Amino acid sequence: MATTKTDPKLALAANGAKKPKLYEGLTREQLIQAYRVMYTSRRVDDREILLKRQQKIYFQMSGAGHEGIGVAAGLALKSGYDWFYPYYRDRALCLALGVKPYDMFLQGVGAASDPSSGGRQMPSHWSYPSLHIVTQSSPTGSQILQAVGCAEGGRYFARHPKAAPVPASTFVDYRQFKNVSFQGNEVTYVSLGDGTSSEGEFWEAMNAAALEKLAVVFCVQDNGYAISVPVEVQTAGGSISRLVSGFPNFHFEEVDGTDPVASYAAFDRAVRHCREGHGPAFVHAHVIRPYSHSLSDDERLYRPDAERERDAQRDPVTRTQMFLLREGILDEKGINQLEKEVEAELQAAVDLALEALPPAPESITKFVYSPDLDPTSSVFDTQPVAPEVPADGKKPAGKTMADLITTTLRDEMRRDDRIIIFGEDVADCSREEYLKRKLVKGKGGVFKLTFGLQNEFGPDRVFNAPLAEAAIVGRATGMATRGLKPVVEIQFFDYIWPAMMQIRDELSVIRWRSNNGFSCPVVIRVAIGGYLTGGAIYHSQCGESVFTHIPGLRVVFPSNSQDAAGLLRTAIRCDDPVLFLEHKRLYRESFGRAAYPGPDYMIPFGKAKIVHPGTDLTVITYGAVVPRALQAAQKLEREQGVKVELIDLRCLNPFDWDTIAASVAKTNRALVAYEDTLSWGYGAEIAARLADQLFDKLDAPVRRVAAKDVFVAYQPILEDAILPQPNDLFLAMKELSEY
Ligand SMILES: Cc1ncc(C[n+]2csc(CCOP(=O)(O)OP(=O)(O)O)c2C)c(N)n1
Ligand SMILES: [Mg+2]
């Protein structure tokens, strides 16, 4: 245990009075308080283990062995000022920051009043908004990228303070429900285990933090094991410190994390480096794990007694107690007294928590989406402005979907300083001086939809991200938690999968799992779809139903430029995360061009459009199948007099059941058409609902037309055979109308 480094001669103050002895800057009172936190932390674990054995709580995850580094971090950082992305072993840190044992027991019993999640998350999944402890999940490592985004968010507001106040806008938007706080020199803490440092997201986060010189302290709590896997099997060479040592701009510390004094000294240096703006820091703390991985694990199956006894010699709680006695900071009586007080507090907290009411079953759907701003409401129903008539009186040329998406992004960025755009290639030119010297025109995306935005709004608001999709979504999630509105781009739908963990397990569930404590209304724009002649497997995929299956995520898929403008604006202004799917084939198609609908044009989510009215058959579709189905419907009407009612859903989650139901009640026949592979696709849900709710209205089976159950091939003859064509749609419509 580190003792004072103060020269004894200097311990005498100028007036001769003895200065109180400090331990790496910590006073005796602070050390007693540190011990109280560590002891409390261990005893909360012990109480939880007992409660679990008595079947009064349902899970237990201990912070045992990690108390030293936890309390040190709590002493070096400021609660409610700095930001925290702790992991499940950070019980001592949370206690040091002000969380009460009672709050922890409430989560254990799954109480309605559990401040972290209202009974939705297992214990040790911390979330305390007023302390800036951001809701934590179970996937190892997904918090790390968000911590980077959180630090970026804080820095953005410090550099652009006028983005922070809620504007007195004529139109409601997410800002009314997103108060921003920032300090200018705040630090973001993120922790993880040694095993978690094997996750790709860890490396993406380290890279981003180093590149951006962000004030993030990465704390690896190395207990030598990831469940049963020892560190030498996990980390090449057995030392994460050695592996990360080449990252620039970092301050590095490696410390005995069972020693709170040495840990505090290391943390203090790390935090100072960050707070002074020099960049991120890395604290590698060697700790122990005396209670197995969790209550479901028995480490004696893979660790011999001798090894476990070696660890026990380093137990941080016992060591700190010995240290206090040795230094004369507390005597045995004092220790006993402190421990008795803690036990009494815990007993009272447990008794109270066991009486807490469970959440009401009816509450389960609360906070899947924003309770404040409903994007299906009339607030988002505005009319397009009349197009300007050119001087020559000729009808103005319609704008492409690409044009209107760019225009909408520009309009919204002018209106809202919290919008930032990043992704792969989205900037005009990362080497700013080329733009300034007018040596280059700028790129603005592989489809050029963000062209000119960096030029107008600057590199703080429009910038290229490293090629790392999880990082794009994870950073955006962290930024949005702080109140920014990231509108990020995934270059091709085919490459969204590295971000899937962030989308499925983080972005879409943060509001729900924190019981509305946190939210992250990010917009993810994604170029999707085939019909490209040459796009092949990896530039043509659909797969929207994978995302419509995720509660908490809005999914939009426009088929024409006016809808794209109206829906993108709703996506940006609304208070929920949105996946905005842009069909590449439609970007510059002559179908569906339209005049600029104005800077406030919005379409509510979940409102379909009847593209072609009819009475004989309902066709439900969206995206690039809309023009193909329209062609087929027009031919069927011409040749057979069959009147097809063609519905463009525009928004896939929520979708407009009322329009579908009203149409099918009238036509008694339904065909669902979509570009994605047939089986388990988006049409399956619509077909199932039709069968369930409109069975007595149907005069024919519900049919589907979709892609074959294979990937999209390169050779155009194969692509044509794979994707639904106008003739496939024509034949299916004809057959169904004759049924
Ligand atoms: C992405 C993901 N994979 C697997 C798991 C299951 N799991 C939970 S904890 C854990 C080990 C983590 O070890 P480490 O990072 O060293 O942290 P420690 O528990 O030792 O503190 C695993 C594999 C998970 N939660 N998330
Ligand atoms: Mg570990």
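First, a word on what this report is: a plain description of the structure on this page. (Residues numbered from 1 in each chain as written. Chains lettered and ligands numbered in written order. Predicted model: local features only at pLDDT ≥ 70, side-chain atom pairs only at ≥ 80, totals over all residues. Heavy atoms only, no water.)

Turning our attention to the sheet that holds strand S2 (residues 188-193). With parallel pairing, the five strands of this open sheet are ordered in space as S1-S2-S3-S7-S6. Every interior strand has two partners, whereas the edge strands, strand S1 (83-85) and strand S6 (251-256), have only one. On average, each strand axis in the sheet is tilted by 15° relative to the strand beside it, whichever way the strands run. Those strands touched by helix H6 (residues 200-212) are S2, strand S3 (216-222) and strand S7 (281-286), and its axis lies near 150° from that of S3. (Pairing = 2+ DSSP bridges. Helix = DSSP H or I, 4+ residues; strand = E, 2+ residues; numbered from the N terminus. Axes fitted to C-alpha atoms, helices over the stretch in contact; angles between N-to-C directions. Contact = heavy atoms within 4.5 Å.)

Turning our attention to the site of ligand 1. Around ligand 1, the structure places 18 residues, and the nearest of them are Tyr-87, Tyr-88, Arg-89, Thr-196 and Tyr-225. Measuring from an oxygen atom of ligand 1, one finds a side-chain N or O atom of Asp-194 at 3.0 Å. His-293 places a side-chain nitrogen or oxygen 3.5 Å from an oxygen atom of ligand 1. In isolation ligand 1 offers 580 Å² of accessible surface; the protein chains occlude 74% of this area. (Near = heavy atom within 4 Å. Polar contact = N/O pair within 3.5 Å; in protein donor to acceptor, adjacent residues only side chain to side chain. Areas by Shrake-Rupley, 256 points an atom, 1.4 Å probe, with all protein chains shown as cover.)

All right, on to the packing of aromatic side chains then. Per the stated rule, a full pass over the model turns up 25 aromatic pairs. Pairing Phe-218 with Phe-250 gives two aromatic rings, centres 5.7 Å apart and planes at 45°, and the pair type is tilted. Taken together, the positions of Phe-218 in strand S3 and Phe-250 in the loop between helix H8 (240-244) and S6 put the pair 32 residues apart, joining distant regions of the chain. With centroids separated by 5.5 Å and ring planes inclined at 80°, the aromatic side chains of Phe-493 and Trp-497 adopt a geometry described as edge-to-face. Residue classification places Trp-497 among the partly exposed positions, given a relative accessible area of 33%. Taken together, the aromatic side chains of Phe-202, Trp-203, Phe-218, Phe-247, Phe-250, Phe-252 and Phe-282 make up a single cluster linked through ring pairs. Taking NZ or CZ as reference, Arg-554 lies 3.7 Å from the ring centre of Tyr-369, over its face. (Phe/Tyr/Trp six-rings, centres within 6.5 Å; stacked < 30°, edge-to-face > 60°. Buried < 20%, exposed > 50% of the residue type's maximum accessible area, 1.4 Å probe, protein only. Lys NZ or Arg CZ within 6 Å of the ring centre and 35° of its normal.)

Right, let's get into the environment of Asp-372. With respect to the helices and strands, Asp-372 occurs in the loop between helix H12 (332-354) and helix H13 (401-415). For Asp-372, a relative accessible area of 41% gives the class partly exposed. Once the C-alpha coordinates of Asp-372 and Asp-173 are considered, the two residues, 199 residues apart in sequence, prove to be 9.9 Å apart.

As a further point, take unusual backbone geometry. Excluding glycine, a negative phi dihedral is what most residues carry, and trans is how most peptide bonds are arranged. Here the bond from Asn-653 into Pro-654 is cis, since omega is 5°, no more than 30 degrees from zero. Along the chain, Pro-654 turns up in the loop between strand S17 (651-653) and helix H22 (657-667). The backbone phi angle of Asn-249 is positive, close to 70°, even though this residue is not glycine. The residue Asn-249 is located in the loop between H8 and S6 in this model. The backbone of Phe-367 sits at a positive phi, close to 70°, despite the residue not being glycine. Position of Phe-367 among the secondary structure elements: in the loop between H12 and H13. For Phe-367, a relative accessible area of 15% corresponds to the buried category.

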